Every structure is written in structure tokens, then in C-alpha cells.
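Okay, here's what each chain looks like letter by letter:
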Amino acid sequence: MESVVPGMTTLSVVIPMFNETAVIPALVARLRPVLDTLGVDYEVVAVDDGSADDTVSVLFDHGRDWPQLRVLRLRRNSGHQAALTAGLHRAVGRWIVSLDADLQDPPEAIAEMLRVARTDGVDVVYGVRADRSTDTVFKRNTARAYYWVMRRIVGADLPAQAGDFRLLSRDVVEVLRRLPERAPVYRLLVPSLGFPSAEVRYTRAARAAGETKYPLRRMVALAWESTANFSAAPLRLATWLGMSSFLLCLALIAFGMVAHVSGTTIPGWTSMFVAVLLLSGVQLVCLGLLGEYVGRIYATVQNRPAFHVGFDSAQTAPEALTNLPVVGTTRD
């Protein structure tokens, strides 16, 4: 594989972080021994997504005796997928692994992912959750429903129970960098590219420390982003609603004609009231769905960046970072 990035290493591990002070020591304690025993040159790109706690300070504390740890901080909280995008765009490895900081996905599986990628000659290795018993019943059932729907939208190539724990080759990352996606959903976008892939199965653990960054609100937002970014199904739903209302109107017209011929009296205000409510409701639903897509077109035309890099420890002297203010908002 040709070196397309200055200072390329064999492996990059990209870790988006948001208010993860409590879990960083455990993450470093498990991740560093795994990477040190691989026998390859590597970097760890920790992307701080505008945390409001001491995440950056703790990362720099660990970075003093771990030179491979690289800190990338976004100027504001931009969301998990945007932070992951920033890390993928700045990583310099021939192979790039994306990993969450909560240790629910085991860092020990990275060695197996790299081995499978090399021996099988694939560009993508998915981390697949074979056992999710540590998750709540609600979480497991909603995840199962999400992947069931997404596989029918994206196709059967989408691995069931595969999140953002995966290994990508440099070729895949370069393709992702050229895509015009403003708000990518990588768990759907990567399978849609069609690169040769394999799977590594593992047991999902409980979060090591801290609080989940994917509450119900964010799960619903992810489901909507996934549907709107990869399917025109909502627009087709609007079309079917319009056709159904039209057929219902025809039935009402036929009913009115029969009632008129039979001499049955129908209060005019009732039929008018029902018709107005029916047609107005369908029109509002259709306008709302169309508005979602028009809003996405508008955002794309504006071409506003999804994230802003505040600093990159690989390019900035550490003494220049000591007085940086903490910038944090609620994750989208």
C-alpha cells in the first residue's frame, strides 16, 4: 500500500471522547499493553469532543510517558460521529481502528482484527457483538429493531450488531475523506462502500466508568439520521399517504352520491369538517417530511464544517496548550 500520508504508521487507533475523565485511566491500562505487544508502530488519536471536564488534562498527563498518545481537541461539542470523522481525517496509519472510550468494546480484539485484515486480505474488519447481556433489555431490543430496519434499507451487507468498533484500511479511509457526507453514519456508510470485509466477534462488557453518551434521545436521533441519509423511505411514505387519502376521498364521494340518491340527509358541516381535517393532516405530514429533506439540502449548500479543530498535539508545542479554556456543551 502506497504511503499517502506524511509520517505514516502501521496502525492508528481513533477514540472519540466526551467527558470521559473517569474512564481514561482504565482505558490506558488496557489499551497500551495491547498495542505495545503488537510489534508494529502505532499512534492513538484521542479526539476530545469539547469536554467540559478534565478529559484533556488527564490525556496529557498520560501522554507524558506515552509518546504514541496524540490528543486532538475540537473547539466545541460536535457529536460522536463528527469527532470520529475528525479522528479518521487526521489519523496517519495504514490501518485505522475506531474504538469508544467506555471499554464496552474490548481493546484486546484489535490484535485479532489486524491479523484477520492481513491474512484474509480484507479492507474492513467489523467488531460484532456476539453477546449483549450486559445491556438492558430495552437497549438490546431497540438495537435489534434498528439493525433489522437498517439491513432492509442499506442491504444485507450490513453486519448485525456491529457498531463503531471496526478496522479500516487506508484505502477505505481515503474514500471516506472524499465523500461529501456532512453528517456521516459510519456503521451504514462503510458497508455501503462494498469493500471486502470480515468479522471479529466478542462479548460486549459493561461500561467501565462514567455515564453513557447514548441516551434514548440520541438513539432516536441516530435512527433518524440513518434513515434520512440512506433512504427516501419517508418521502415514499408521504406518497402512499397522499394516495390513501385520495382513495378515501373517492369513497366518501361515492358514499355522498349514494346518500343523495337514497334521500338520506347528511349534515354538510360534518362532511366538510372531516374532509378538511383529513386533507389538512396529510398535507402537513407531507410538508413536514419534505421539509426535513429540504433542510438537509440547505445545510449541504451552506457547506458549513461539521467540526473545528482547536489543536493537535502532534503539531502544537505542549507549553502552548497549558492555558487553553475548557469548552463544552451538551452532546447533540
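Residues numbered from 1 in each chain as written. Predicted model: local features only at pLDDT ≥ 70, side-chain atom pairs only at ≥ 80, totals over all residues. Heavy atoms only, no water.

A word on a nonpolar patch on the surface. A cluster of nonpolar side chains, contributed by Leu237, Leu241 and Val285, occupies part of the molecular surface with about 230 Å² of accessible area. Mapped onto the elements of the fold, Val285 is located in helix H10 (residues 268-302). By relative accessible area, Val285 is classed as partly exposed at 39%. (Patch = residues over 30% accessible without salt bridge, like charges linked within 9 Å, V, L, I, M, F, W, Y side chains within 5 Å. Areas by Shrake-Rupley, 256 points an atom, 1.4 Å probe, with all protein chains shown as cover. Salt bridge = Lys/Arg side-chain N within 4 Å of Asp/Glu carboxyl O. Helix = DSSP H or I, 4+ residues; strand = E, 2+ residues; numbered from the N terminus. Buried < 20%, exposed > 50% of the residue type's maximum accessible area, 1.4 Å probe, protein only.)

Evaluation of the coordinates by the stated rule reveals 12 salt bridges. Between Asp61 and Arg64 there is a salt bridge whose closest N-O contact spans 2.4 Å. Under the relative-accessibility criterion, Arg64 is labelled exposed at 67%. Here Asp164 makes a salt bridge to Arg166, at a shortest N to O gap of 3.0 Å. Residue class for Asp164 comes out buried when judged on its relative accessible area of 5%. The exposure class of Arg166 is buried, given its relative accessible area of 2%.

The next subject is the environment of Arg144. Locating Arg144 in the fold gives a position in helix H5 (residues 137-154). For Arg144, a relative accessible area of 49% translates into the label partly exposed. A sequence separation of 16 residues divides Arg144 from Ala160, and the C-alpha atoms of the two residues are 8.0 Å apart.

The next subject is the nonpolar core. Leu11, Val13, Ile15, Leu31, Leu35, Val44 and Ile110 are the most contacted members of the largest nonpolar core, which has 38 residues in total. Not counting residues up to four positions away in its chain, the partners in contact with Ile15 are Leu27, Leu31, Val44, Val45, Ala46, Val47, Leu99, Asp100 and Ala101. (Core = buried A, V, L, I, M, F, W, Y, C linked by side-chain atoms within 4.5 Å. Contact = heavy atoms within 4.5 Å.)

To continue, consider the packing of helix H1 (residues 24-36) against helix H2 (residues 55-63). Interhelical geometry of H1 versus H2 gives an angle of 35 degrees and a closest axis separation of 10 Å. The hand of the H1/H2 crossing is right-handed. Facing Ile24, Pro25 and Val28 of H1, the residues of H2 in contact are Thr55, Val58, Leu59 and His62. Of the residues that constitute the contact of H1 with H2, the class distribution is 5 nonpolar, 2 polar and no charged. (Axes fitted to C-alpha atoms, helices over the stretch in contact; angles between N-to-C directions. Left-handed = near helix turned anticlockwise from the far one by under 90°. Nonpolar A, V, L, I, M, F, W, Y, C, P; charged D, E, K, R; others polar.)

Our focus in this paragraph is the environment of Cys286. Position of Cys286 relative to the elements: it lies in helix H10. A relative accessible area of 16% means that Cys286 is categorised as buried. Cys286 sits 49 residues away from Leu237 along the chain, and the two C-alpha atoms are 8.5 Å apart.

Another point: the side chain of His80. Counting through the fold element by element, His80 comes out in helix H3 (residues 80-90). Side chain to side chain, His80 and Asp100 meet in a polar contact 3.0 Å long. (Polar contact = N/O pair within 3.5 Å; in protein donor to acceptor, adjacent residues only side chain to side chain.)

This part is about H3. Where burial is concerned, most of H3 is hidden: 9 out of the 11 residues are buried. Where H3 is concerned, the buried positions are His80, Gln81, Ala82, Ala83, Leu84, Thr85, Ala86, Gly87 and Leu88.

Okay, empty space enclosed by the protein next. Summary: where empty space remains is shown by rolling a probe the size of a single water molecule over the atoms. Scanning the entire structure with this criterion turns up 1 cavity of 30 Å³ or more. When its volume is computed, the largest cavity comes out at roughly 50 Å³. Within the residue set of the lining of the largest cavity, elements represented by two or more residues are strand E1 (9-17) and H1. Top element by residues in the lining of the largest cavity is H1. It accounts for 4 residues. (1 Å grid on protein atoms, 1.4 Å probe; cavity = no way out; pocket = protein on both sides within 12 Å on 5 of 7 lines; lining within 4 Å. Points joined across faces, edges and corners; volume = space filled by probe spheres on them.)

To describe two helices that pack against each other, one gives the angle between their axes and the distance between the axes. Contact pair helix H6 (residues 170-178) / helix H7 (residues 186-193): the axes reach a minimum separation of 11 Å and the direction vectors enclose 110 degrees. Relative to H7, the element H6 lies roughly perpendicular. You can see that H6 and H7 cross each other, and the crossing is right-handed. Along its contact with H6, which presents Val172, Val175 and Leu176, the element H7 presents Tyr186, Leu189, Val190 and Leu193. (Parallel < 35°, antiparallel > 145°, perpendicular 65-115°, else oblique.)

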